[in-house]
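Below are the chains, spelled out letter by letter.
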Amino acid sequence: MHDATWLLRLYARGRLRRLAHMDPQQAQRRTLSSLIRRARGTEFGRDHGFSADWSLDDYRSRVPLRDYDAFWEAYWRDPFPRLTDCTWPGTVPWFAVSSGTTTGTTKYIPVSREMRRSNVRAGAELMIHHLANRPESRLLGGRVFMLGGSTGLVRQAPGVSSGDLSGIAAAEMPGWARLRYFPPRELETIADWEEKIDRFAARSLDEEISAVAGTPSWLLIFFERLAEVAGSGSGRVAEIWPRLEMLSHGGVAWAPYRDRFAALLEGSGAETREVYPASEGFFGLADRGDGEGLRLLLDTGIFYEFIPLDELGSAEPDCRWVGDAEPGVNYALAVTTCAGLWRYLVGDTVTLVERDPPRVLVTGRTSYMLSAFGEHVIGAEVERAVAEAARAVGATVTDFSAGSLFPEEAGRRGGHLYIVEFGAEPGGSGPDAGRQARFAEALDAALCRLNDDYDAHRAGGYGLDAARVSLMPPGGFAAWMKSRGKLGGQNKVPRIVNDRDLFAALQAFADAYGEAPRN
């Protein structure tokens, strides 16, 4: 295959120069002004009296924060699926179907043509930062493998379709990008996840894969199948895809998977690079090393606001933007976008690690917290504690979910249960009871160190019992997701399950799966 990386380098030089001289505040002000001007004639713009000369304070005083449900009820439900001049000018051609990780509620997120172009620009941004960190790169000398969901789109109305964001991207991919893309069309439309990964694995052996992208949990499952198909005893990707130089991951926290992927990528020289894509837009990506924060994309049609968590729902929350957000504070993220989302609460929580340029760490979800007993343990703390506990006992974690256990009788204490699927041990055996107990102890100790409220509740066993760990047999989480119709692609195993019925169902499934005979 002809190496087209030189073309990417030409674009990268100019773009990197512009980024180096970009003023974050100026870029965000221009973005917001442009969005307001574009949408003055929409129903939303008229309702809120959009004016081209608005300041940021004007915008905030006239447009309230809203979540998906508020937009759906007020603006999108009645005209759906034809949203014409509703919250964005013109007719929305696509809807990204998003199933809430913790609630399961299906959402239809508008994707305008401008947002589609914004996502394409974000993909190019990822590649140019890879080139900046790897000058000898031949990224476009091979194929870029996207392990996404089904690319089949549902026709909602003439000229209007819905489906996975990966399906929208594939359907509208320009010809030059299609030449460098894997999988081919005849494979990417396969709806059955298990058949899909079998076919992907076999076909990829005939290709020069230079980059791969996906959700870590599904990438692990795919790599296991790839090793089987290739007959690789070690399972190391370098033996199968010797030209792999970048693995892009997002959707769930990386910490619990870091060690597992380090072993899989050993000898390949492939870099791992985190991204922050959502159905609402592509927000950020890692332009530096692992764990150094994700650089926000400031000039691709998205304006960012940050709301302190304890002020969510208040009449006049102390909203911040890139000009005054404080590093180290846990904020709820709100965005205004070129798809007609206005001060839209994404549901994610982030902390700023640097202001110029703005870099964030995703810490969880606004509803993604263990706090049934006032312990206020956020998602990022759960992810980190699980990763530390796995490292402490020399294990790897494939997937996990956590939920609260409530006391069933007076005088008893509540606590947390972690349902954990460990990676296979040498010889195919799982962790023994002693190792499971040590994992639970290390997990509890890490949570006490990371969270003062948890530590206070655990002190002397006053308010909480120690964290408990239940094992999910290998393959169990994938089987559970399949039983819910959510196998593969952009579907994610919920890390924290606050729905008591859903968590009880997961516990029952794990128990039954452990007892069921398997080949």
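You'll find the structure just up there.
Residues numbered from 1 in each chain as written. Predicted model: local features only at pLDDT ≥ 70, side-chain atom pairs only at ≥ 80, totals over all residues. Heavy atoms only, no water.

**Student:** Just to check I follow, could you spell out the overall build of the chain for this structure?
**Tutor:** Counting its secondary structure elements, the chain contains 17 helices and 20 strands. Against the compact-globule benchmark of 24 Å for 519 residues, the chain has a radius of gyration of 23 Å, which places it among compact chains. Referenced to the eigenvectors of the C-alpha coordinate spread, the extents of the chain come out at roughly 65 × 60 × 45 Å. Across the 519 residues of the chain, 53% fall into the buried class. When the accessible surface of the chain is summed, it comes to about 21,900 Å², and 49% of that surface belongs to carbon and sulfur atoms. When the 60 basic and 69 acidic side-chain charges of the chain are each reduced to a single mean position, those positions are 6 Å apart. (Helix = DSSP H or I, 4+ residues; strand = E, 2+ residues; numbered from the N terminus. Rg over C-alpha atoms; globule rule 2.2 N^0.38 Å. Buried < 20%, exposed > 50% of the residue type's maximum accessible area, 1.4 Å probe, protein only. Areas by Shrake-Rupley, 256 points an atom, 1.4 Å probe, with all protein chains shown as cover. Lys, Arg positive; Asp, Glu negative; His and termini not counted. Charge placed at Lys NZ, Arg CZ, Asp CG, Glu CD.)

**Student:** What is the right way to read the nonpolar core from this model?
**Tutor:** Generally speaking, soluble globular proteins have nonpolar side chains that are buried together. Core analysis: the biggest nonpolar cluster contains 74 residues, and Trp76, Phe283, Tyr304, Phe306, Trp342 and Tyr344 have the highest contact counts within it. Residues Leu147, Ile190, Leu219 and Leu247 belong to the second largest nonpolar core, which totals 44 residues. (Core = buried A, V, L, I, M, F, W, Y, C linked by side-chain atoms within 4.5 Å.)

**Student:** What should I look at first to understand the sheet that holds strand β18 (residues 397-405) in this one?
**Tutor:** Whenever strands of a sheet pair, they do so through backbone hydrogen bonds, lying parallel or antiparallel. Within the open sheet, the three strands sit side by side as β18-β19-β20. Their pairing is mixed. Two strands bound the open sheet, and with one partner strand each, they are β18 and β20 (468-471). Along the sheet, successive strands turn relative to each other by an average axial angle of 25 degrees, direction set aside. Contacting β18 and β19 (415-422), helix α13 (residues 379-392) crosses the sheet at an angle of about 125 degrees to β18. Lying on the sheet, helix α14 (residues 433-450) is in contact with β18, β19 and β20; it crosses β20 at an angle near 140 degrees. (Pairing = 2+ DSSP bridges. Axes fitted to C-alpha atoms, helices over the stretch in contact; angles between N-to-C directions. Contact = heavy atoms within 4.5 Å.)

**Student:** Looking at this structure, how should I read the packing of helix α10 (residues 193-204) against helix α11 (residues 216-230)?
**Tutor:** The interhelical angle for the contact between α10 and α11, taken along N-to-C directions, is 55 degrees, at an axis separation of 9 Å. Here α10 lies oblique to α11, going by the angle between them. Here α10 and α11 pass one another in a crossing that is right-handed. Within the contact between the two elements, α10 uses Trp193, Ile197, Asp198, Phe200, Ala201, Ala202 and Ser204 and α11 uses Trp218, Ile221, Phe222, Arg225, Leu226 and Val229. (Parallel < 35°, antiparallel > 145°, perpendicular 65-115°, else oblique. Left-handed = near helix turned anticlockwise from the far one by under 90°.)

**Student:** I'm lost on the sheet that holds strand β8 (residues 246-249) in this one. Help?
**Tutor:** Spatially, the 11 strands line up as an open sheet ordered β6-β3-β7-β8-β9-β10-β11-β15-β14-β13-β12, and their pairing is mixed. A strand with exactly one partner marks an edge of an open sheet, and here the two such strands are β6 (181-182) and β12 (302-308). The pairing of β8 with strand β9 (residues 271-278) spans four bridges and is classified as parallel. Of the residues in β9, the one forming a bridge with Ser248 is Arg273. In the packing of α11 onto the sheet, the strands contacted are β3 (143-146), β7 (209-214) and β8, and the crossing angle to β7 comes to about 130 degrees.

**Student:** Which parts of the structure should I look at to understand the pattern of salt bridges?
**Tutor:** Oppositely charged side chains can form a pair if their charged atoms are brought close together. For the structure shown, the criterion picks out 37 salt bridges. We note a salt bridge from Glu239 to Arg236, for which the minimum N-O separation is 3.8 Å. Here Arg449 and Glu388 are joined by a salt bridge, their closest N and O atoms 2.7 Å apart. Note that Arg449 is positioned in helix α14 and Glu388 in helix α13, a separation of 61 residues in sequence. With relative accessibility at 21%, the residue Glu388 sits in the partly exposed group. (Salt bridge = Lys/Arg side-chain N within 4 Å of Asp/Glu carboxyl O.)

**Student:** Looking at this structure, how should I read the environment of Met472?
**Tutor:** With respect to the helices and strands, Met472 occurs in the loop between β20 and α16 (476-483). A residue is classified by how much of its surface remains accessible, and Met472, at 2% relative accessible area, is buried. Along the primary structure Met472 and Phe509 are separated by 37 residues, whereas in three dimensions their C-alpha atoms are 9.0 Å apart. Residues within four places of Met472 in sequence aside, it is in contact with Ile419, Val420, Glu421, Phe477, Leu506, Phe509 and Ala510.

**Student:** Help me understand the pairing of strand β15 (residues 358-365), please; the structure alone is not making it clear to me.
**Tutor:** Every regular strand shows the same layout, with side chains that alternate between the two sheet faces. Across two bridges, strand β11 (residues 294-296) lies against β15 in antiparallel orientation. Bridging from a neighbouring strand, Leu294 pairs with Val360 of β15. The sheet contact formed by strand β14 (residues 344-355) and β15 spans seven bridges and is antiparallel. Along β15, the bridge assignment pairs Thr351 with Leu361. In textbook terms, the turn of a hairpin is the stretch between consecutive antiparallel strands, and for β14 and β15 this stretch comprises two residues.

**Student:** Got a minute to help me understand the packing of helix α1 (residues 5-20) against helix α6 (residues 113-133) in this structure?
**Tutor:** Angle between the axes and distance between the axes are the two parameters that describe a pair of packed helices. Running from N to C, α1 and α6 cross one another at 95 degrees; their axes reach a closest spacing of 9 Å. When the axes of α1 and α6 are compared, the pair comes out roughly perpendicular. In contact with Thr5, Leu8, Arg9, Tyr11, Ala12, Arg15, Leu16 and Leu19 of α1, α6 contributes Arg121, Ala124, Glu125, Met127, Ile128, His129, Leu131 and Ala132. Its residues assigned to classes, the contact of α1 with α6 comprises 10 nonpolar, two polar and four charged. (Nonpolar A, V, L, I, M, F, W, Y, C, P; charged D, E, K, R; others polar.)

**Student:** Help me out: how do you make sense of the environment of Leu405 in this one?
**Tutor:** As for its position among the elements, Leu405 is in strand β18. The sequence separation of Leu405 and Ser367 amounts to 38 residues, and the corresponding C-alpha distance is 18 Å. Beyond its immediate chain neighbours, meaning those up to four positions away, Leu405 contacts Phe373, Gly414, Gly415, His416, Leu417, Arg468 and Gln507.

**Student:** Can you help me understand unusual backbone geometry in this one?
**Tutor:** Most peptide bonds take the trans configuration, and most residues that are not glycine carry a negative phi. Phe80 connects to Pro81 through a cis peptide bond whose omega is 10 degrees. The omega torsion across Asp356 and Pro357 is 0 degrees, close enough to zero to call that bond cis. Assignment of secondary structure puts Pro357 in the loop between β14 and β15. You will see that Asp85, though not glycine, has its phi angle at about 50 degrees, which is positive.

**Student:** Help me understand the pairing of β19 in this model?
**Tutor:** Within β19, eight of the eight residues are buried, leaving the element largely enclosed by the surrounding structure. Side chains of β19 alternate between two faces, with Gly415, Leu417, Ile419 and Glu421 and His416, Tyr418, Val420 and Phe422 buried alike. The pairing of β19 with β20 spans four bridges and is parallel. Bridging across to β20, Tyr418 finds its partner in Val469.

**Student:** I'm lost on the side chain of Thr300 in this one. Help?
**Tutor:** Summarising the element assignment, Thr300 is placed in the loop between β11 and β12. Ignoring sequence-local partners within four residues, the contact set of Thr300 consists of Ser118, Arg121 and Cys338.

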